[in-house]
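# Remarks on the overall topology
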Amino acid sequence: MNRYLHTMVRITDPEKSRAFYEALGMEFRRDMDIVRDGEREATNYFFGYPGQDEELELTLNHDGRSYEIGTGYGHIAIGVDDLDATLAALKEQGIEPEREPYRIREGGSRLCFVRDPDSYRVEIIERS
């Protein structure tokens, strides 16, 4: 049986990224160093929601290079019970939505987009 496991994105500041994703309600699960030829090449940080197996893998490469998100990346989508409370938690870190929460269609869920510390777009959808 096939199943979805995780998505990986590259990061530049693990502490800022951890604070951001924890403010979205994710839990830090573990980290894992990638070692090649005795040298620590990268560190993977895994996050997920309680009760769910699927994970977000954040990878910090230790060679100092920077990254461009590129035109193929869209966004990560997160479902939350209380959009206003989530945005308040992010605001405490200085993170504001790209625009005020809105609905795509009448009667639909409220949503908005924010950017994580590495400028990845994250769609936050309030589950009704």
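See the structure shown above.
Before going into details, it helps to say that this report is about the structure given with it. Please read these numbers as outputs of a predicted model, since none were measured by experiment.

With that settled, consider the sheet that holds strand β3 (residues 39-48). Taken together, the four strands give an open sheet; going across it, the order is β1-β4-β3-β2, and neighbouring strands pair in mixed fashion. Whereas interior strands pair on both sides, the edge strands pair on one side only; in this sheet they are β1 (6-10) and β2 (27-36). Pairs of neighbouring strands in the sheet enclose a mean axial angle of 25°, with direction left out of account.

Turning our eyes to something else, we now look at the pairing of β2. The sheet contact formed by β2 and β3 spans nine bridges and is antiparallel. Paired with Asp 31 across the bridge in β3 is Tyr 45. Here β2 hands over to β3 after two residues, with Asp 37 in that stretch at a positive phi of 50°.

Overall, mixed pairing links the four strands, which are arranged β5-β8-β7-β6 in an open sheet. One side of each edge strand has no neighbouring strand; the edge strands of this open sheet are β5 (76-80) and β6 (102-103). In this sheet, strand β8 (residues 121-126) lies alongside β5 in parallel orientation, the contact comprising five bridges. If you follow Val 80 over to β8, its bridge partner there is Glu 126.

By volume, the largest pocket is sized at about 410 Å³. Listing elements by their share of the lining of the largest pocket, those giving two or more residues are β3, β4 (55-61) and β5. Among the elements that take part in the lining of the largest pocket, β5 stands out by supplying five residues, more than any other.

One non-glycine residue, Asp 37, adopts positive backbone phi at about 50°. Mapping Asp 37 onto the fold places it in the loop between β2 and β3. On the basis of relative accessibility, which here comes to 84%, the residue Asp 37 falls in the exposed class. At Ser 119, a position not held by glycine, the phi torsion is positive, near 75°. Within the secondary structure, Ser 119 sits in the loop between β7 (110-115) and β8.

This brings us to the packing of aromatic side chains. Within the structure shown, the criterion is met by four aromatic pairs. Seen in terms of ring centroids, Tyr 21 and Phe 47 are 6.4 Å apart; in terms of plane orientation they differ by 40°. Their pairing is tilted. On the criterion of sequence distance, the pair formed by Tyr 21 in helix α1 (residues 14-23) and Phe 47 in strand β3 is long-range, its members being 26 residues apart. For the residue pair Tyr 21 and Phe 47, the accessibility class agrees, reading buried in each case. Judged by centre distance (5.4 Å) and plane angle (65°), the rings of Phe 28 and Phe 47 are edge-to-face.

With that settled, consider the nonpolar core. Counting 25 residues, the largest nonpolar core has Tyr 21, Leu 24, Leu 90 and Ile 124 as the members making the most contacts within it. With near-sequence residues (within four places) excluded, Leu 24 lies in contact with Tyr 49, Ile 78, Thr 86, Leu 90, Val 122 and Ile 124.

Two side chains carrying opposite charge are able to pair once their charged atoms lie near each other. For the structure on display, the rule yields 14 salt bridges. The closest approach of N and O atoms between Arg 110 and Glu 126, which form a salt bridge, is 3.1 Å. Note that Arg 110 is positioned in strand β7 and Glu 126 in strand β8, a separation of 16 residues in sequence. For Arg 110, a relative accessible area of 18% translates into the label buried. The network of salt bridges with shared partners includes Glu 27, Arg 29, Arg 30 and Glu 55.

Conventions used here
- Residues numbered from 1 in each chain as written.
- Predicted model: local features only at pLDDT ≥ 70, side-chain atom pairs only at ≥ 80, totals over all residues.
- Heavy atoms only, no water.
- Pairing = 2+ DSSP bridges.
- Helix = DSSP H or I, 4+ residues; strand = E, 2+ residues; numbered from the N terminus.
- Axes fitted to C-alpha atoms, helices over the stretch in contact; angles between N-to-C directions.
- 1 Å grid on protein atoms, 1.4 Å probe; cavity = no way out; pocket = protein on both sides within 12 Å on 5 of 7 lines; lining within 4 Å.
- Points joined across faces, edges and corners; volume = space filled by probe spheres on them.
- Buried < 20%, exposed > 50% of the residue type's maximum accessible area, 1.4 Å probe, protein only.
- Phe/Tyr/Trp six-rings, centres within 6.5 Å; stacked < 30°, edge-to-face > 60°.
- Core = buried A, V, L, I, M, F, W, Y, C linked by side-chain atoms within 4.5 Å.
- Contact = heavy atoms within 4.5 Å.
- Salt bridge = Lys/Arg side-chain N within 4 Å of Asp/Glu carboxyl O.

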